[in-house]
Amino acid sequence: MAELAVNRSASEFRKGIQAGISIAIGYAPIALTFGLLAKTTGLSIGETVLMSLVVFAGASQYISLSLLTLGTGIVEIILTTFIVNIRHFLMSTALNEKSEEDHFINKAIYSFGITDETFSVAAMKEGTVTTGYMFGLNLISYVSWVVCSGIGFLIGASLPQTLQESMSVALYAMFIGLLVPSMKKSIKVVYLAAIAACFNTIFTLTNALSSGWAIVGATLLSAVLVEIIEGLKKKQRGGRT
């Protein structure tokens, strides 16, 4: 009976690995770019790999590089990345309803590896999601991200110094690349980005807040304001009906 359980777990783990191969391939160029930009930002290879090991969140890591470039303090960086990743609470809660019953520690371990991509694959899987499947799915994605981050740093280190310094412009291109697809899908995102930009500009020009706290404050205020507006719109629609 125990041997049967072990074989089943191994089979589920392999299925998770197979399902995660496409994610790992997709992560490779993004992680390579992160490693390259981390080098031009001034991080060491140890710091670059450690960030990928501990954070494992593409958008947050890119934002962190930008904030580090601005000289932002650690508290502001942590708060900003927390706000960006707060959606993971919802994803983990939704996936918990689909996953098999298991020890809390096992769930806590594989929940660390949940990203937008691994969540989508796990959520689309038919039937119950097993622990072995989640470990396989997350592991191959995680290894790809961490290893390619280190390789990207080494590639960046081999570039001429002038080219390394100019690569910081790619950070802004990456943010635009992340934002534009979302803006195309929802007008709400357009309002959110525009309002956040206005708040950040006001805070920066008036020196009301430091660069780091300006980003945090602008993000929170714009999110709250947009949700209030959306709530009022829904009430108006409800009143008309």
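Residues numbered from 1 in each chain as written. Predicted model: local features only at pLDDT ≥ 70, side-chain atom pairs only at ≥ 80, totals over all residues. Heavy atoms only, no water.

For the rest of this paragraph, the subject is the packing of aromatic side chains. Scanning the model with the defined rule gives 9 aromatic pairs in all. Measuring from ring centre to ring centre gives 5.9 Å for phenylalanine 112 and tyrosine 142, while their planes differ by 80°; the resulting arrangement is edge-to-face. One end of the pair, phenylalanine 112, is in the loop between α6 (104-111) and α7 (116-124); the other, tyrosine 142, is in helix α8 (residues 131-157), with 30 residues separating them in the sequence. A relative accessible area of 37% places phenylalanine 112 in the partly exposed class. For tyrosine 142, a relative accessible area of 22% puts it in the partly exposed group. (Phe/Tyr/Trp six-rings, centres within 6.5 Å; stacked < 30°, edge-to-face > 60°. Helix = DSSP H or I, 4+ residues; strand = E, 2+ residues; numbered from the N terminus. Buried < 20%, exposed > 50% of the residue type's maximum accessible area, 1.4 Å probe, protein only.)

As a further point, take the layout of surface pockets. Space inside the second largest pocket adds up to approximately 680 Å³. Elements that contribute at least two residues to the lining of the second largest pocket include exactly α2 (45-54), α4 (74-84) and α5 (87-98). With 5 residues, the single largest contributor to the lining of the second largest pocket is α4. In terms of residue class, the lining of the second largest pocket is made up of 15 nonpolar, 6 polar and 1 charged. (1 Å grid on protein atoms, 1.4 Å probe; cavity = no way out; pocket = protein on both sides within 12 Å on 5 of 7 lines; lining within 4 Å. Points joined across faces, edges and corners; volume = space filled by probe spheres on them. Nonpolar A, V, L, I, M, F, W, Y, C, P; charged D, E, K, R; others polar.)

With that settled, the discussion passes to the side chain of threonine 118. Assignment of secondary structure puts threonine 118 in helix α7. Exposure remark for threonine 118: the relative accessible area of 1% places this residue in the buried category. In terms of polar contacts, threonine 118 uses its side chain to reach the backbone carbonyl oxygen of glycine 113, at 3.3 Å. With near-sequence residues (within four places) excluded, threonine 118 lies in contact with Ile23, Gly113, Leu137, Asn138 and Ser141. (Polar contact = N/O pair within 3.5 Å; in protein donor to acceptor, adjacent residues only side chain to side chain. Contact = heavy atoms within 4.5 Å.)

Turning to a nonpolar patch on the surface, a few remarks are in order. A grouping of Phe13, Leu139, Val143, Val147, Ile151 and Ile155 is seen on the molecular surface, where their side chains present a nonpolar patch of about 450 Å² in accessible area. Ranked by residue count, the leading element in the nonpolar patch is α8, at 5 residues. Along the chain, valine 147 turns up in helix α8. (Patch = residues over 30% accessible without salt bridge, like charges linked within 9 Å, V, L, I, M, F, W, Y side chains within 5 Å. Areas by Shrake-Rupley, 256 points an atom, 1.4 Å probe, with all protein chains shown as cover. Salt bridge = Lys/Arg side-chain N within 4 Å of Asp/Glu carboxyl O.)

Counting 17 residues, the largest nonpolar core has Leu95, Met134 and Leu137 as the members making the most contacts within it. Going through the elements one at a time, α1 (2-41), α5, α7 and α8 are the ones with two or more residues in this core. No other element matches α8, which puts 5 residues into this core. With near-sequence residues (within four places) excluded, methionine 134 lies in contact with Leu95, Tyr110, Ile114, Ala122 and Val129. (Core = buried A, V, L, I, M, F, W, Y, C linked by side-chain atoms within 4.5 Å.)

With that settled, the discussion passes to the pattern of salt bridges. With the rule as written, the count across this model stands at 2 salt bridges. Of the charged contacts, one joins glutamate 12 and lysine 15 as a salt bridge, the two residues approaching to 3.6 Å between their closest N and O atoms. Residue glutamate 12 and its partner lysine 15 are both found in helix α1; the two are separated by 3 residues, about one turn of the helix. By relative accessible area, which is 41% here, lysine 15 ends up partly exposed. The salt bridge involving arginine 87 is made with aspartate 116; its shortest N-O contact spans 3.0 Å. Of this pair, arginine 87 sits in helix α5 while aspartate 116 sits in helix α7, and the two are 29 residues apart along the sequence. Classification of arginine 87 by relative accessible area gives partly exposed; the value is 31%.

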